[in-house]
Amino acid sequence: MVYKIILVLCFLFISSYVKSQQIDPTRPFGEIATSNSSEKGATLVLQSIIESNNKRKAIINGQALSVGDKYNGFNLIAISKNGVVLDSPQGRMELSLFSGVIANSK
């Protein structure tokens, strides 16, 4: 009888642990992508790219930005179909729309 109670308690603990480790399926693409902590601790998320009348805008952290705009210490220098290029004193950063990868170059 005691073994059954212990077994049930173990299953309850394991199931609550598994639920706490699940990933939110509604999280925007690229949210796991973060910049280095030395770069003001900023987390930059490219959420969308909008093209209208041959002009592109990038939505980064909810802000609509065009080429030449500055955001959080970064200068937006290019917008393509699949990503953007940001420049800062620490170097260039590429944010991709369809993956959580950020590539830094100096």
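The text that follows walks through the structure, step by step, so that each part is easy to find. Numbers given for residues are sequential positions, taken from 1 along each chain in its written order. In view of the model being predicted, local features appear only for residues whose pLDDT reaches at least 70, and side-chain atom pairs are presented and counted only at 80 or more, with totals across whole chains, interfaces and linings using the full set of residues. Computation of side-chain values covers all heavy atoms of the structure but excludes hydrogens and water.

1. A look at the side chain of S88
- Among the secondary structure elements, S88 is positioned in strand β6 (residues 83-88).
- Overall, S88 belongs to the buried group, its relative accessible area being 10%.
- Here the side chain of S88 touches Q90 through a polar contact of 3.1 Å, side chain to side chain. The helix count covers DSSP runs of H or I at least four residues long, the strand count covers runs of E at least two residues long, and both are numbered beginning at the N terminus. Think of it in three bands: residues with accessible area under 20% of the maximum for their type are buried, residues over 50% are exposed, and the middle band is partly exposed, with areas taken using a 1.4 Å probe on protein chains only. A 3.5 Å cut-off defines polar contacts: any pair of N or O atoms within that distance qualifies, except that in protein one atom must be a possible hydrogen donor and the other a possible acceptor, and neighbouring residues in sequence count only when both atoms are side-chain atoms.

2. Observations regarding the pattern of salt bridges
- A pair is scored as a salt bridge if a Lys or Arg side-chain nitrogen falls within 4 Å of a carboxyl oxygen belonging to Asp or Glu. Under the criterion given, the structure shown has 1 salt bridge.
- With a shortest N-O distance of 3.4 Å, R56 and E51 are connected by a salt bridge.
- Since its relative accessible area comes to 27%, R56 is described here as partly exposed.

3. A look at the pairing of strand β2 (residues 55-60)
- When strand β1 (residues 46-52) meets β2, the two strands line up antiparallel, connected through 6 bridges. Residue pairing for β2: S52 is matched across the bridge by K55.
- A pair of strands is labelled paired if DSSP reports no fewer than 2 bridges between them. As consecutive antiparallel partners, β1 and β2 are separated by 2 residues, and within that stretch N53 has a phi angle of approximately 55°, a positive value.
- Note that β2 and strand β3 (residues 63-65) share 3 bridges and pair antiparallel. Residue pairing for β3: A58 is matched across the bridge by L65.

4. A word on the pairing of β6
- Bridging between strand β5 (residues 74-79) and β6 involves 4 bridges; their strand directions are antiparallel. Bridge pairing links L76 to L86 in β6.
- What sits between β5 and β6 in their antiparallel hairpin is a turn of 3 residues.
- Relative to strand β7 (residues 91-96), β6 is paired through 6 bridges, and the arrangement is antiparallel. By the bridge assignment, L86 is partnered in β7 with M93.

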